[in-house]
Amino acid sequence: MEKLNWLSIQEAHDQLTSKQISSVELTQACLDRINAVEDEVQSFLTITPEIALSQAAHADRLLAAGDSLPLTGIPVQIKDVLCTEGVPTTCASRMLENFIPVYNATVVEKLSNQGAVMLGKGNMDEFAMGSSCENSAFHPTRNPWDLERVPGGSSGGAAASVASGETIFSLGSDTGGSVRQPASLCGVVGLKPTYGLVSRYGLVAFASSLDQVGPVGRSVKDCAFVLNAIAGHDAKDATSVVREQKDYTSNLGQEINGLKLGIPEEYFVDGMESGVRQVIDEAIAKLEELGASIHPVSLPTTRYALACYYIIAPSECSANLARYDGVKYGYSYQGTNDLWEALEKTREFGFGPEVTRRVMLGTYALSTGYYDAYYLKAQQARTLIRQDFDQVFREVDALITPTSPVTAFKIGEKVGDPVQMYLIDACTLPVNIAGLPGLSIPCGFSDGLPVGMQFIGPHFSEETLLKAAHAYEIATDWNKSRPTL
Ligand code: GLN
């Protein structure tokens with residue numbers, strides 16, 4: 001029989017409600033798997049077995065009382081950028097190494113209200129800045145498909161833990177691709193919801209106009225179940241929108257006959273690996289075979305997206321990270337009585353090099369004399385990028401692109417060249433700039449490494465994206481492949 005830690009949410013839910021298994025057993029299976037592979041994968045920053053087993057026992061009581069929801073008793077890893085009451089939330093930074101929140105992020109609260117079981121906190125690039133998980137102040141995470149390679153980032157822990165069977169699903173955050181890109185590099189499914197669909201309350205801010213929480217799972221349906229649980233208006237987040245509650249699983253299984261899919265030429269970028277191109281071309285052919293119609297389209301302002309993102313994200317980051325001053329909370333340098341020196345040393349020791357680089361870039365772009373030339377221009381470009389999407393979605397229902405132009409690269413290969421690292425997000429960050437939903441699913445392998453295909457849709461088109469991706473998934477079963485770990 002298949003090990004319990006590999007079950008889908010649906011399978012686990014069915015076996016839990018029919019009393020074939022208990023949540024304690026399921027949770028123990030994940031903890032055993034963590035024990036077996038975590039030394040190699042290192043997807044966690046904190047593992048919380050006591051909390052997990054007590055939450056599992058609580059879930060078993062709910063199940064026994066017939067009082068269960070789809071995620072009751074299901075184990076999850078939470079990215080360490082989401083506040084968890086009483087459990088360290090470090091953002092993989094020395095700055096927050098000893099920070100223990102006194103409240104839960106809304107998404108964590110929602111999972112806990114469903115009776116989900118927290119296994120621990122996921123590794124990430126420091127403050128979610130990065131594409132490889134190498135910017136974690138504590139340790140890198142390794143790709144379960146090849147331990148010499150990165151899992152992607154910044155939610156590298158979220159993707160690696162799901163791909164290695166350490167957890168059933170995980171929560172990540174996506175500012176420019178941080179859920180989708182690691183999902184792609186690790187051969188799992190990652191969803192970045194429409195901006196405003198999921199509450200950001202308790203998500204430590206990186207770039208507030210771009211950040212969004214999203215699920216990582218081993219199937220499209222698993223991500224739909226998690227979206228059901230975390231979506232919805234939250235009075236504590238002024239940017240969260242009021243919309244009717246939906247069941248994102250309800251359209252799964254429907255045909256995609258007549259669905260219009262656009263292929264934007266600008267996403268087949270220079271530097272895209274030929275193996276990735278080939279796999280994506282085959283995936284597009286498969287979607288056509290399933291009844292979708294394929295339309296070449298163009299989004300000309302895509303060429304500004306990377307530059308636009310790397311002005312807006314650092315600008316917002318420089319403002320958001322100003323709170324880490326050694327006074328309010330977090331790391332505080334104690335070796336001086338001089339206030340200014342304490343502030344400087346706190347930030348010098350508290351932040352790693354990439355965070356420092358972003359704060360400097362952002363501060364520069366926002367300063368008098370440069371604001372108009374950089375920040376204002378970037379906001380204007382943002383409007384154009386968004387208009388391009390609006391335009392194209394008058395013609396097609398969704399877009400298909402590679403998630404990442406490259407497969408998982410070697411640890412250390414790009415870390416010394418920030419621009420190379422930034423280029424990896426060329427296909428994902430326009431989606432955040434426009435506030436759209438994006439979904440990455442596995443669609444094959446290049447040289448033994450997973451390739452991800454991205455579905456992009458208009459605002460609040462998650463149902464369409466999930467339906468299309470699910471149709472492809474069940475016709476191909478790429479998501480069933482597992483690393484030999
Ligand atoms: N890699 C991108 C960056 O470094 C995106 C990160 C993210 O989505 N959090 O900013």
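**Some remarks on the site of the ligand**
In step 1: Residues in contact with the ligand amount to 15 residues; listed here are only the nearest, Gly176, Ser178, Tyr309, Arg358 and Asp425.
In step 2: One of the backbone nitrogen or oxygen atoms of Ala128 is found 2.8 Å away from a nitrogen atom of the ligand.
In step 3: Contact between the ligand and Ser154: a nitrogen atom at 3.5 Å from a side-chain N or O atom of the residue.
In step 4: In the complex, the protein chains occlude 100% of the 290 Å² of accessible area that the ligand would expose alone.

**Quick word on the side chain of Thr302**
In step 1: Topologically, Thr302 is positioned in the loop between strand E8 (293-297) and helix H9 (305-320).
In step 2: A distance of 2.6 Å separates a polar atom in the side chain of Thr302 from the backbone oxygen of Leu299.
In step 3: Leaving out residues up to four positions away in the same chain, Thr302 has contacts with Glu266, Tyr267 and Asp388.

**Overview of the packing of aromatic side chains**
In step 1: In the structure shown here, the tally under the stated rule is 16 aromatic pairs.
In step 2: With 5.9 Å between their ring centres and 75° between their planes, Tyr324 and Tyr329 make a pair best called edge-to-face.
In step 3: Centre to centre, the rings of Phe389 and Phe393 are 6.2 Å apart; their planes meet at 15°, and the pair counts as stacked.
In step 4: Of the residues examined, Phe389 reaches a relative accessible area of 2% and is grouped as buried.
In step 5: In this structure Phe393 comes out as buried when scored by relative accessible area, which is 15%.
In step 6: Ring pairing ties together the aromatic residues Phe99, Phe127, Tyr324, Tyr329 and Phe351, which thus form one cluster.
In step 7: Lying across the ring of Phe460, Arg243 places its NZ or CZ 3.9 Å from the centre.
In step 8: Its guanidinium or amino end placed over the ring of Phe409, Lys414 lies 5.2 Å from that ring's centre, counting from NZ or CZ.

**With respect to the environment of Val107**
In step 1: With respect to the element layout, Val107 can be found in helix H4 (residues 106-114).
In step 2: According to the relative accessible area criterion, Val107 is buried, its value standing at 0%.
In step 3: In this structure the C-alpha to C-alpha distance between Val107 and Cys91, which are 16 residues apart in sequence, comes to 16 Å.
In step 4: Look past the residues within four positions of Val107 in its chain and what remains in contact with it is Leu82, Leu171, Val198, Ser199, Val213 and Ile230.

**Quick notes on the nonpolar core**
In step 1: Judged by nonpolar contacts, the single largest core of 125 residues is most densely connected at Leu82, Leu111, Phe127, Phe389, Met453 and Phe455.
In step 2: Residues Val41, Val162, Ala163 and Val179 belong to the second largest nonpolar core, which totals 12 residues.

**Thoughts on a nonpolar patch on the surface**
In step 1: Where nonpolar side chains cluster on the molecular surface, the patch consists of Tyr364, Tyr370 and Tyr374 and spans about 290 Å² of accessible area.
In step 2: Structurally, Tyr370 is set in the loop between helix H11 (353-366) and helix H12 (372-392).
In step 3: The class for Tyr370 is partly exposed, based on a relative accessible area of 35%.

**Quick look at the sheet that holds E8**
Strand pairs in the sheet, formed through backbone hydrogen bonds, run parallel or antiparallel to each other.
In step 1: Here we have 11 strands laid out as an open sheet, ordered E1-E3-E2-E4-E6-E5-E10-E11-E9-E7-E8, and mixed in their pairing. Unpaired on one side and paired on the other, strand E1 (44-47) and E8 mark the two borders of the sheet. Averaged over all pairs of adjacent strands, the angle between strand axes in this sheet comes to 30°, irrespective of strand direction.
In step 2: Looking at chain direction, strand E7 (residues 260-264) and strand E9 (residues 398-402) are connected through two bridges and run parallel. Its bridge partner lying in E9, Gly262 is registered against Leu399.

**Structural notes on helix H15 (residues 462-476)**
In step 1: Taking 1.5 Å per residue as the helical rise, H15 with its 15 residues ought to reach 21 Å, and the 21 Å between its terminal C-alpha atoms agrees with that figure.
In step 2: Of the surrounding elements, those touching the buried residues of H15 are strand E5 (189-192), helix H7 (220-230), helix H8 (274-289), E9, strand E10 (438-446) and strand E11 (449-456).
In step 3: Looking one or two places after H15, you find Asp477, whose phi comes out positive at around 65°.

**Details of the packing of helix H2 (residues 23-41) against helix H3 (residues 49-64)**
Between two packed helices, the angle of one axis relative to the other and the distance separating the axes together describe the packing.
In step 1: Packing of H2 against H3 brings their axes to within 8 Å, and their N-to-C directions diverge by 155°. Taken together, the axes of H2 and H3 are roughly antiparallel relative to one another. For the crossing formed where H2 meets H3, the hand is right-handed. Within the contact between the two elements, H2 uses Ser23, Val24, Thr27, Gln28 and Leu31 and H3 uses Pro49, Ala52, Leu53, Ala56, Ala57, Ala59 and Asp60.
In step 2: In the contact of H2 with H3, the residues fall into eight nonpolar, three polar and one charged.

Reading the values: rules and limits
Residues numbered from 1 in each chain as written. Predicted model: local features only at pLDDT ≥ 70, side-chain atom pairs only at ≥ 80, totals over all residues. Heavy atoms only, no water. Near = heavy atom within 4 Å. Polar contact = N/O pair within 3.5 Å; in protein donor to acceptor, adjacent residues only side chain to side chain. Areas by Shrake-Rupley, 256 points an atom, 1.4 Å probe, with all protein chains shown as cover. Helix = DSSP H or I, 4+ residues; strand = E, 2+ residues; numbered from the N terminus. Contact = heavy atoms within 4.5 Å. Phe/Tyr/Trp six-rings, centres within 6.5 Å; stacked < 30°, edge-to-face > 60°. Buried < 20%, exposed > 50% of the residue type's maximum accessible area, 1.4 Å probe, protein only. Lys NZ or Arg CZ within 6 Å of the ring centre and 35° of its normal. Core = buried A, V, L, I, M, F, W, Y, C linked by side-chain atoms within 4.5 Å. Patch = residues over 30% accessible without salt bridge, like charges linked within 9 Å, V, L, I, M, F, W, Y side chains within 5 Å. Salt bridge = Lys/Arg side-chain N within 4 Å of Asp/Glu carboxyl O. Pairing = 2+ DSSP bridges. Axes fitted to C-alpha atoms, helices over the stretch in contact; angles between N-to-C directions. Expected span 1.5 Å × (residues − 1). Parallel < 35°, antiparallel > 145°, perpendicular 65-115°, else oblique. Left-handed = near helix turned anticlockwise from the far one by under 90°. Nonpolar A, V, L, I, M, F, W, Y, C, P; charged D, E, K, R; others polar.

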